[in-house]
Structures are given as C-alpha cells and as structure tokens.
Amino acid sequence: MGDGQTSRRYRKQRLEFRGQGQDNNEPCWLCGMDIDYTLAWPDEQAWELDHLYPRSTHPQHAEDPANFRHSHKLCNNRRSNRMPDADLGEPSEQWFT
C-alpha cells in the first residue's frame, strides 16, 4: 500500500472526496460548522481530509473512503489521533435528584 498519504490512488481519492464535499457543502464533521472550500493551506479554516480512524493508529484504513471525513485543518489538528468526544446533548429528563 505504501505510506497511504502519497500514493497515486490516495491522491485521487482525496481529490474526489474534496470535490464531493464542496459540491454538497459538507460541514466539518468535528465542529459542525461550514467549511470554506476556497481557502487554501495553511489557513486553519481550510478543508482538510480527516480520517475517523487515524492513519497513525490504523494504517490499514488510510485509503478506505469509508474512513474519510471532511474537516477544518484546525479541527483535525486539535483532534490529532484521538477519537472525538461524543456530544450527547442535554438529558431530556432530570435523572438524578
């Protein structure tokens, strides 16, 4: 597979995934905010390909499109190789008295 980040297959998948995100105006999967797909690296609000299962811990999924996520560069960098926190929201009832 190579290093996954620089293979021809990976570059093609990345480009296609970005185009789909731009066409569908996909938000950042981490913060939920809109992504300005016209911004370029190194802008922190630029689009960046993130992986649900990070390449560093799950290299076998590096080129799996089901593992791809749209994110802001800043959000992806903050997450690093940790799984994101689950935001379950506010409980609908008061469970503890």
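Anyway, here's the lowdown on the structure attached to this text. Because the structure is predicted, anything quoted here is derived from the model rather than measured.

### Thoughts on the packing of aromatic side chains
Across all of its chains, the model carries two aromatic pairs by this definition. Here Y10 and F68 contribute two aromatic rings whose centre-to-centre distance is 6.3 Å and whose plane-to-plane angle is 85 degrees, an arrangement assigned as edge-to-face. One end of the pair, Y10, is in helix α1 (residues 8-24); the other, F68, is in strand β2 (residues 68-72), with 58 residues separating them in the sequence. Among the residues examined, Y10 registers a relative accessible area of 4% and is labelled buried. Owing to a relative accessible area of 3%, F68 belongs among the buried residues under this scheme.

### A word on the environment of F68
Separated by 19 residues in sequence, F68 and L49 place their C-alpha atoms 6.6 Å apart. If we ignore the near neighbours within four places in the chain, the residues touching F68 are Y10, Q13, F17, L49, D50, H51, A62 and E63.

### Some details on the pattern of salt bridges
Applying the stated criterion across every chain yields a total of three salt bridges. One salt bridge connects E16 with K12, and the closest N-O pair in it is separated by 3.9 Å. Here K12 and E16 lie together in helix α1, a separation of four residues that amounts to about one turn. Two residues, R79 and D50, come together in a salt bridge whose shortest N-O distance is 3.0 Å.

### Points about the pairing of strand β1 (residues 47-51)
Counting buried residues along β1, five of its five residues qualify, which places the element largely inside the surrounding structure. Of the two faces of β1, the one holding W47, L49 and H51 and the one holding E48 and D50 are both buried throughout. Pairing of β1 with β2, which is carried by five bridges, proceeds in the antiparallel orientation. When the bridges of β2 are listed, H51 appears paired with F68.

### Here's the deal with the nonpolar core
Within the largest apolar cluster, nine residues are counted, these being Y10, F17, C28, I35, Y37, W47, L49, F68 and C75. With residues up to four places along the chain from it excluded, the contact list for Y37 reads R18, G21, Q22, E26, W47 and H70.

### Let's talk about α1
In this model, α1 (17 residues) spans 24 Å end to end at C-alpha, consistent with the 24 Å of a helix rising 1.5 Å per residue. Within the sequence span of α1, burial applies to Y10, Q13, F17 and G21. All buried residues of α1 fall inside an arc of 70 degrees around its axis, so they share one side. Facing away from the buried side of α1, by more than 90 degrees, are the exposed residues R8, K12, L15 and D23. For α1, the secondary structure elements touched by its buried residues are β1 and β2. Positive backbone phi, at 50 degrees, marks N25, one or two positions downstream of α1.

Reading the values: the criteria
Residues numbered from 1 in each chain as written. Predicted model: local features only at pLDDT ≥ 70, side-chain atom pairs only at ≥ 80, totals over all residues. Heavy atoms only, no water. Phe/Tyr/Trp six-rings, centres within 6.5 Å; stacked < 30°, edge-to-face > 60°. Helix = DSSP H or I, 4+ residues; strand = E, 2+ residues; numbered from the N terminus. Buried < 20%, exposed > 50% of the residue type's maximum accessible area, 1.4 Å probe, protein only. Contact = heavy atoms within 4.5 Å. Salt bridge = Lys/Arg side-chain N within 4 Å of Asp/Glu carboxyl O. Pairing = 2+ DSSP bridges. Core = buried A, V, L, I, M, F, W, Y, C linked by side-chain atoms within 4.5 Å. Expected span 1.5 Å × (residues − 1). Arc of directions from axis to C-beta.

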